[in-house]
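Fold and geometry: a report
Spelled out from the first residue to the last, the chains are:
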Amino acid sequence: NEVFTLDFSTSINNLSNNNSIALYPNPAKDVLVLEGKDLAGTTLTLTTISGQVVLTKNLTSTKETLTISNLSSGVYFYELNNKTIQQKGKLMVVTR
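Cut-offs used in this document
- Residues numbered from 1 in each chain as written.
- Predicted model: local features only at pLDDT ≥ 70, side-chain atom pairs only at ≥ 80, totals over all residues.
- Heavy atoms only, no water.
- Helix = DSSP H or I, 4+ residues; strand = E, 2+ residues; numbered from the N terminus.
- Buried < 20%, exposed > 50% of the residue type's maximum accessible area, 1.4 Å probe, protein only.
- Contact = heavy atoms within 4.5 Å.
- Pairing = 2+ DSSP bridges.
- Axes fitted to C-alpha atoms, helices over the stretch in contact; angles between N-to-C directions.
- Core = buried A, V, L, I, M, F, W, Y, C linked by side-chain atoms within 4.5 Å.

Helix and strand content of the protein chain: 0 helices and 7 strands. From first element to last, N terminus to C terminus, the protein chain shows the α and β order β-β-β-β-β-β-β. Within the span of the protein chain, comprising 96 residues, buried residues form 31% of the whole. When contacts within the protein chain are restricted to residue pairs at least 6 apart in sequence, long-range pairs at least 24 apart make up 47% of them.

And the structure:
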């Protein structure tokens, strides 16, 4: 017998960790929300799978909503950096 495990996570990180930043929804369509205690002073960089930077944003509050409706459907990589956090991951954008 084979056992399969399904992961239905939406990339919302556990906010009980003081240094974590939540990025949601994932997949995203028109907007992307970032939330976390240490978000202010963080730089978000969004790149395509080929490495082209499509968005760089300096975040200034504990919750930010970004419009991403100008992005094409596909997989993007995000990186969040500040003096205490370096967080990387994948973001799926769906425009249909």
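The subject of this paragraph is the sheet that holds strand S7 (residues 86-93). Within a beta sheet, neighbouring strands are joined by backbone hydrogen bonds and run either parallel or antiparallel to one another. In space, the 4 strands of this open sheet follow the order S4-S3-S6-S7, with antiparallel pairing throughout. Single-partner strands in this sheet number two, and they are strand S4 (53-58) and S7. In this sheet, neighbouring strand axes are inclined to one another by 20° on average, regardless of whether the strands run parallel or antiparallel.

The next thing to look at is the side chain of asparagine 26. Considering the arrangement of structural elements, one finds asparagine 26 in the loop between strand S1 (22-24) and strand S2 (31-35). Take asparagine 26: its relative accessible area is 11%, and that puts it in the buried class.

Let us now look at the nonpolar core. Ranked by size, the top nonpolar core spans 18 residues in total, and within it Leu32, Leu34, Leu44, Tyr78, Leu80 and Leu91 carry the most contacts. For this core, the elements supplying multiple residues, two or more each, are S2, strand S3 (43-48), strand S6 (74-81) and S7. With near-sequence residues (within four places) excluded, leucine 80 lies in contact with Ile21, Leu34, Thr42, Thr43, Leu44, Leu59, Ile85, Gln86 and Gln87.

This paragraph deals with the sheet that holds strand S5 (residues 63-67). Sheet architecture is open: 3 strands sit in the order S1-S2-S5, paired in antiparallel fashion. Pairing within the sheet leaves two strands with one partner each, and these edge strands are S1 and S5. The average undirected angle you get between the axes of adjacent strands in this sheet is 15°. Pairing of S1 with S2 involves 3 bridges; the strand directions are antiparallel. Within S2, the position partnered with tyrosine 24 by the bridge is valine 33.

Positionally, glycine 36 belongs in the loop between S2 and S3. Its relative accessible area of 7% is what places glycine 36 among the buried residues. Measuring from C-alpha to C-alpha, the distance between glycine 36 and alanine 22 comes to 6.2 Å, with 14 residues separating the pair along the chain. When residues no more than four places from it in sequence are discounted, the contact partners of glycine 36 are Ser20 and Thr62.

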